[in-house]
Amino acid sequence: MNVKQKDGEFIAATYARFPIVITEGKGSLLKDEEGKEYIDLGTGIAVNTFGAADNDWINAVTGQLNKVQHTSNLYFTKPAADLAEMLCSRTGLKKVFFSNSGAEANECAIKVARKYAAEKKGAEYNTIITLKNSFHGRTITTLAATGQEVFHKDFLPLTEGFVYAEANNIADLKQKVNENKVAAIMFETVQGEGGVMPLTKEFVSAIAEIAEKEDILMIADEVQTGNGRTGRLYGYMNFGITPDIVSTAKGLGGGLPIGATLLGDKVKDVLTAGSHGSTFGGNPVCCAGALNILSRIDDNLLAEVREKSEYIINELSEAKGVKSVTGMGLMLGIETEKDAGEVIEKCREKGVLVIKAKTKVRLLPALNIPWEQLKKAVQILKEACK
Ligand SMILES: Cc1ncc(COP(=O)(O)O)c(C=O)c1O
């Protein structure tokens, strides 16, 4: 059996994979088993922050691998402590809980919000308001947080206590706050899986105002928008707000699984010994990799992300066959006249990997994609949209 046949036979059929077997890569170039080379504008869905097999990151990861790969959380390790310190100093939040994925980072955020609200205002203040069209993960609770029925339907009943407000509709948000006993409002500043839809500045400011007035926690889900993706270190930094809780994952590890839930002043002491935990959370190899990634997302790189974003938007906005370009930084969605699937397929034939978000073509290139490769890929994408 070849790889595709074996996968079909033995791996649960949850993924509609593209018909290629990726075997290796370097930076923004990937190779399939037939030796065909692709410029990768997907980075494993916003994960490979510095592309494939980045030398610096490999050194950080293998350096730790050669020391010890796992200790459990019964012991202290330096990479986790250093990473937590860096996350706090770069955001102003105060403490971190480490897990292994975006869904888990959100689970932790939800647990913290409920515990805080129960202790401060009473156990009945347990509602979490999320937004319609959001995506927060695949566990039963983060599915409940996800404001899209299509993901819910086969898995009911989900965790109780989630109410969905319309994104960018302040009146609806206020109504939902008034009708419920609310612990937190949870949102992505750019809804990634929902079609790369940014929230408006007015709406995000309204969330912050309501949260402040009603002592409701603000949870920013930065799983996809985080770690430089939007042209700022975290997506919320584009909006002039400071969330109480920030969850992140994906690009933080640069390709190794790590989730982090950052806790601000109000909630920094909510979690106590035994109240939450994770066997692999804070794994030293993942933390060493993440430390390398985070330390390289500096002002110069972020300026480059914004410059590349502007270039892509300028090139594509007026291009033939393109209806609109949405998103921020290097997280962009392109609404095309043709079916997005057709555009994606054409790109793949011509050696460019792009992915889908709802009905759009989604671009999530490496933050350091070389200009030459980016320009080449954008020209191929433009041709495919025609
Ligand atoms: C905003 C957001 N939150 C949470 C998740 C879930 O992350 P994971 O697949 O790592 O559990 C995703 C994944 O796409 C996401 O985009």
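Basis of the calculations
- Residues numbered from 1 in each chain as written.
- Predicted model: local features only at pLDDT ≥ 70, side-chain atom pairs only at ≥ 80, totals over all residues.
- Helix = DSSP H or I, 4+ residues; strand = E, 2+ residues; numbered from the N terminus.
- Rg over C-alpha atoms; globule rule 2.2 N^0.38 Å.
- Buried ≥ 20, exposed ≤ 12 C-beta atoms within 10 Å, placed from the backbone.
- Contact = placed C-beta atoms within 7 Å.
- Pairing = 2+ DSSP bridges.
- Axes fitted to C-alpha atoms, helices over the stretch in contact; angles between N-to-C directions.
- Domains from an automatic or database assignment.
- Near = placed C-beta within 6 Å.
- Nonpolar A, V, L, I, M, F, W, Y, C, P; charged D, E, K, R; others polar.
- Left-handed = near helix turned anticlockwise from the far one by under 90°.
- Core = buried A, V, L, I, M, F, W, Y, C linked by C-beta atoms within 7 Å.
- Parallel < 35°, antiparallel > 145°, perpendicular 65-115°, else oblique.
- Expected span 1.5 Å × (residues − 1).
- Arc of directions from axis to C-beta.

Draft legend 1. View of the overall build of the protein chain. Along the protein chain, the regular secondary structure elements total 13 helices and 17 strands. For the protein chain, whose C-alpha radius of gyration is 21 Å, the value lies close to the compact-globule estimate of 21 Å for 386 residues. Overall size of the protein chain, expressed as C-alpha extent along the three principal axes, is 60 × 50 × 45 Å. Of all 386 residues assigned to the protein chain, the portion counted as buried reaches 50%. Contacts in the protein chain between residues far apart in sequence, at least 24 positions, make up 72% of those at least 6 positions apart.

Draft legend 2. Here's a closer look at unusual backbone geometry. Looking along the chain, the bond that leaves leucine 156 and enters proline 157 is cis, with omega of 0°. Non-glycine residue alanine 53 carries a positive phi angle of around 45°. Along the chain, the position of alanine 53 falls in the loop between helix 2 (43–46) and helix 3 (55–65).

Draft legend 3. The sheet that holds strand 12 (residues 259–263), seen in detail. The mixed open sheet is built from seven strands, whose spatial order is 4-12-11-10-7-5-6. Two strands close off the open sheet at either side, each with one partner strand: strand 4 (95–99) and strand 6 (162–165). Each neighbouring strand pair of the sheet contributes to a mean axis angle of 20°, computed without reference to strand direction. Examined bridge by bridge, strand 11 (residues 245–248) and strand 12 share four bridges and lie antiparallel to one another.

Draft legend 4. Highlighting the domain arrangement of the protein chain. Structurally, the protein chain comprises domain 1 (3–54 + 299–385) and domain 2 (57–296). In this structure, domain 1 and domain 2 have C-alpha centres spaced 26 Å apart. Contacts between domain 1 and domain 2 engage 27 residues on the former and 26 residues on the latter. Contributions of two or more residues to the side of domain 1 that touches domain 2 are made by helix 2, helix 11 (299–317), strand 13 (322–328), strand 14 (331–336) and strand 17 (360–363). Considering every element that reaches the side of domain 1 that touches domain 2, the biggest residue donor is helix 11, with five residues.

Draft legend 5. Examining the sheet that holds strand 15 (residues 352–353) more closely. If you walk across this open sheet you meet the four strands as 1-2-3-15, and the pairing is mixed. Only two strands of the sheet have a single neighbouring strand rather than two, namely strand 1 (22–26) and strand 15. In terms of strand pairing, strand 2 (residues 29–32) meets strand 3 (residues 37–40) through three bridges, oriented antiparallel. Bridged to lysine 31 within strand 3 is glutamate 37.

Draft legend 6. Examining the site of the ligand more closely. The environment of the ligand is made up of 14 residues, and the closest members are Ser101, Gly102, Ala103, Val223 and Gln224. Ranked by the residues each element gives to the shell around the ligand, the list is headed by helix 5 (residues 102–120), at three residues. Residues belonging to the shell around the ligand are distributed by class as follows: four nonpolar, seven polar and three charged.

Draft legend 7. Up close: the environment of leucine 364. By the secondary structure assignment, leucine 364 is in the loop between strand 17 and helix 13 (371–385). Setting aside residues up to four positions removed in sequence, leucine 364 forms contacts with Leu41, Gly42, Thr43, Ile45, Ala46, Leu330 and Met331.

Draft legend 8. A look at the packing of helix 4 (residues 78–91) against helix 10 (residues 284–296). With their axes 8 Å apart at the nearest point, helix 4 and helix 10 run at an angle of 35° to one another. When the axes of helix 4 and helix 10 are compared, the crossing they make is left-handed. For the pair helix 4 and helix 10, the contacting residues are Pro79, Ala80, Asp82, Leu83 and Met86 in the first and Pro284, Cys287, Ala288, Ala290, Leu291, Leu294 and Ser295 in the second.

Draft legend 9. View of the environment of threonine 62. Relative to the assigned elements, threonine 62 resides in helix 3. On the neighbour-count criterion, threonine 62 (13 C-beta atoms within 10 Å) is partly exposed.

Draft legend 10. The nonpolar core, seen in detail. Ranked by internal contacts, the top residues of the largest apolar core, which has 115 residues, are Ala113, Ala184, Leu217, Ile245 and Val352. Split by domain, this core shows at least three residues from each of two domains, domain 1 (3–54 + 299–385) and domain 2 (57–296). Once residues lying within four places of it in the same chain are set aside, the contact partners of alanine 184 are Ala113, Ile128, Ile216, Leu217 and Ile219.

Draft legend 11. Looking closely at the packing of helix 12 (residues 340–349) against helix 13. Running from N to C, helix 12 and helix 13 cross one another at 135°; their axes reach a closest spacing of 9 Å. Compared by their axis directions, helix 12 and helix 13 come out oblique. The hand of the helix 12/helix 13 crossing is right-handed. Between helix 12 and helix 13, the contacting residues are Val343, Lys346 and Cys347 on the first element and Ile380, Leu381, Ala384 and Cys385 on the second. Tallied by class, the residues present in the contact of helix 12 with helix 13 amount to six nonpolar, no polar and one charged.

Draft legend 12. How the structure looks around helix 9 (residues 201–214). Look at helix 9: 20 Å from first C-alpha to last across 14 residues, which is about the 20 Å you get at 1.5 Å a residue. Where helix 9 is concerned, the buried positions are Phe203, Val204, Ile207, Ile210 and Ala211. One side of helix 9 carries all its buried residues, which in axial view fall inside an arc of 125°. Facing away from the buried surface of helix 9 by more than 90 degrees, the exposed residues are Lys201, Glu202, Glu209, Glu212 and Lys213. If you follow the buried residues of helix 9, they end up packed against helix 8 (170–179), strand 7 (182–187) and strand 10 (217–221). With its phi angle positive at about 50°, aspartate 215 sits one or two positions after the end of helix 9.

Draft legend 13. Layout of the pairing of strand 11. With burial as the criterion, each face of strand 11 is covered, one bearing Ile245 and Ser247 and the other bearing Val246 and Thr248. Note: strand 10 against strand 11, three bridges, orientation parallel. Residue pairing across strands places alanine 220 opposite valine 246, the latter belonging to strand 11.

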